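# What the coordinates show
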Amino acid sequence: MTMKVKYLGHSCFLINGELLIDPFISGNPKCPFDPSEIKCKIICVTHDHSDHLGDAFDIAANTGATVVAIHEVAQEALSRGLNAEGMNIGGEISVGEWKIKMVLALHSSNLGHPAGFVLEKDGKRIYHAGDTGLFGDMKLIGEDGLDLALLPIGDRYTMGTKDAIKAVEFLNPKMVIPMHYGTFPIINQSADEFKKEFELKFPGKVIKVLEIGEEVDF
Ligand code: NI
Ligand code: MN
């Protein structure tokens, strides 16, 4: 079954109009959306840095969506009276029709540990890497097949172009969408170099560089 992924800027995506990841919306100078307009059932948060946790708690309060996050961040959501499912790296849970697995991310955070997610529904598997450096176990994450990988390329705080290309090699996804670039002057301003390298190296794979607000099928 075809799915839709909509880019809301930075590392934020809305999948099939129901699963939102890392909703950095009101604080993102490049994002034109109003968090109060966003509807979703599930909000996955990779870590509690403000450019990822973002508006997650407000959107959860408005919509009743379930926040899915590392135990410590989920506890914070629960303490605010929100719906939340806490988990930890290596665990998999079901939320509605989605299977959500939390995987490693090499990064830092204030609460708990940073993470990535493997999201599965209707036979489609999506990997959102969160903020991370390159790590060899991405090979394991890709072993069962990935339809889509959402990968940071902005450098300084995460992988840059070169390591993100290596990550594609490890993960072997059918399609890649780059993220976490161009939001601030301090991270790379464009995905041009990544796209160029990607197309040279992976002629059979699809790369989509999305404008904020753009939606694609996969
Ligand atoms: Ni971060
Ligand atoms: Mn970040």
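Now for a quick tour of the structure. Everything numeric in this text was worked out from a predicted model, so none of it was measured.

The biggest cluster of nonpolar side chains holds 52 residues, and the ones touching the most others in it are I15, I100 and L119. The contact partners of I100, leaving out residues within four places of it in the chain, are L19, I42, C44, V68, M87, G91, E92, I93, V95, F117, V118 and L119. With 25 residues, the next largest nonpolar core counts Y127, M159, V168 and F198 among its residues.

Glancing now at the sheet that holds strand β2 (residues 13-15). Taking strand neighbours across the sheet as the criterion, the seven strands line up as β6-β5-β4-β3-β2-β1-β14 in an open arrangement whose pairing is mixed. Looking at the sheet topology across the chains shown, the edges are occupied by β6 (84-87) and β14 (215-217). Mean inter-strand twist for the sheet, computed between neighbouring axes without regard to direction, equals 20°. Here four bridges tie strand β5 (residues 66-70) to β6, and the two strands are oriented parallel to one another. Within β6, the residue paired with A69 across the bridge is G86.

For the rest of this paragraph, the subject is the packing of aromatic side chains. Within the structure shown, the criterion is met by four aromatic pairs. Aromatic pair F24 and F184: ring centres 6.1 Å apart, planes at 50°, arrangement tilted. Of this pair, F24 sits in the loop between β3 (19-21) and β4 (42-44) while F184 sits in the loop between β12 (175-179) and α6 (192-201), placing them 160 residues apart in sequence. For F24, a relative accessible area of 7% puts it in the buried group. You can call F184 partly exposed: its relative accessible area is 28%. Centroid distance F194 to F198: 6.0 Å. Interplanar angle 55°. Geometry classified as tilted. With F194 and F198 both in helix α6 and four residues apart, the pair spans about one turn of that helix.

Glancing now at the pairing of strand β1 (residues 4-7). Each regular strand carries side chains that alternate between the two faces of the sheet. In β1, alternate side chains face the same way, and those of V5 and Y7 are buried while those of K4 and K6 on the opposite face are not. When β1 meets β14, the two strands line up antiparallel, connected through three bridges. Following the sheet pairing, K4 is matched in β14 by D217. Strand direction decides the pairing type here: β1 and β2, joined by three bridges, are antiparallel. Paired with K6 across the strands is L14, a residue of β2.

Before going further, it helps to spend a moment on unusual backbone geometry. A positive phi is found at N16, a non-glycine position, where the angle reads about 50°. Tracing the sequence through the fold places N16 in the loop between β2 and β3. Phi is positive for D155, close to 70°, though the residue is something other than glycine. Residue position: D155 is located in the loop between β11 (148-152) and α5 (161-171). Its relative accessible area of 38% is what places D155 among the partly exposed residues.

With that settled, the discussion passes to the coordination of the manganese ion (ligand 2). Taken together, the protein ligands of the manganese ion (ligand 2) are D51 (OD), H52 (NE2), D131 (OD) and H180 (NE2), with distances of 2.1 to 2.2 Å. Binding-site remark: the manganese ion (ligand 2) is held by donors from one chain whose sequence spacing is D-H-x78-D-x48-H.

The subject of this paragraph is the coordination of the nickel ion (ligand 1). Coordination of the nickel ion (ligand 1) by the protein comes from H47 (NE2), H49 (ND1), H107 (NE2) and D131 (OD), over a distance range of 2.1 to 2.3 Å. Bound by four donor atoms, the nickel ion (ligand 1) shows angles of 88 to 175° at the metal and therefore irregular coordination geometry. When the donor residues of the nickel ion (ligand 1) are listed from N- to C-terminus, their spacing reads H-x1-H-x57-H-x23-D. A separation of 3.3 Å is found between the nickel ion (ligand 1) and the manganese ion (ligand 2), both of which receive a donor from D131. Of the two residues, H107 sits in the loop between β8 (98-104) and β9 (115-121) while D131 sits in the loop between β10 (124-128) and α4 (138-142), which places them 24 residues apart along the sequence. In this structure D131 comes out as buried when scored by relative accessible area, which is 2%.

Cut-offs used in this document
Residues numbered from 1 in each chain as written. Chains lettered and ligands numbered in written order. Predicted model: local features only at pLDDT ≥ 70, side-chain atom pairs only at ≥ 80, totals over all residues. Heavy atoms only, no water. Core = buried A, V, L, I, M, F, W, Y, C linked by side-chain atoms within 4.5 Å. Buried < 20%, exposed > 50% of the residue type's maximum accessible area, 1.4 Å probe, protein only. Contact = heavy atoms within 4.5 Å. Pairing = 2+ DSSP bridges. Helix = DSSP H or I, 4+ residues; strand = E, 2+ residues; numbered from the N terminus. Axes fitted to C-alpha atoms, helices over the stretch in contact; angles between N-to-C directions. Phe/Tyr/Trp six-rings, centres within 6.5 Å; stacked < 30°, edge-to-face > 60°. Donors = N, O, S within 2.8 Å, 3.2 Å for Na, K, Ca; no water. Tetrahedral: all angles 85-135°; square planar, octahedral: opposite > 155°, others 65-115°.

Fair warning: the whole summary comes from geometry, so function is off the table for now.
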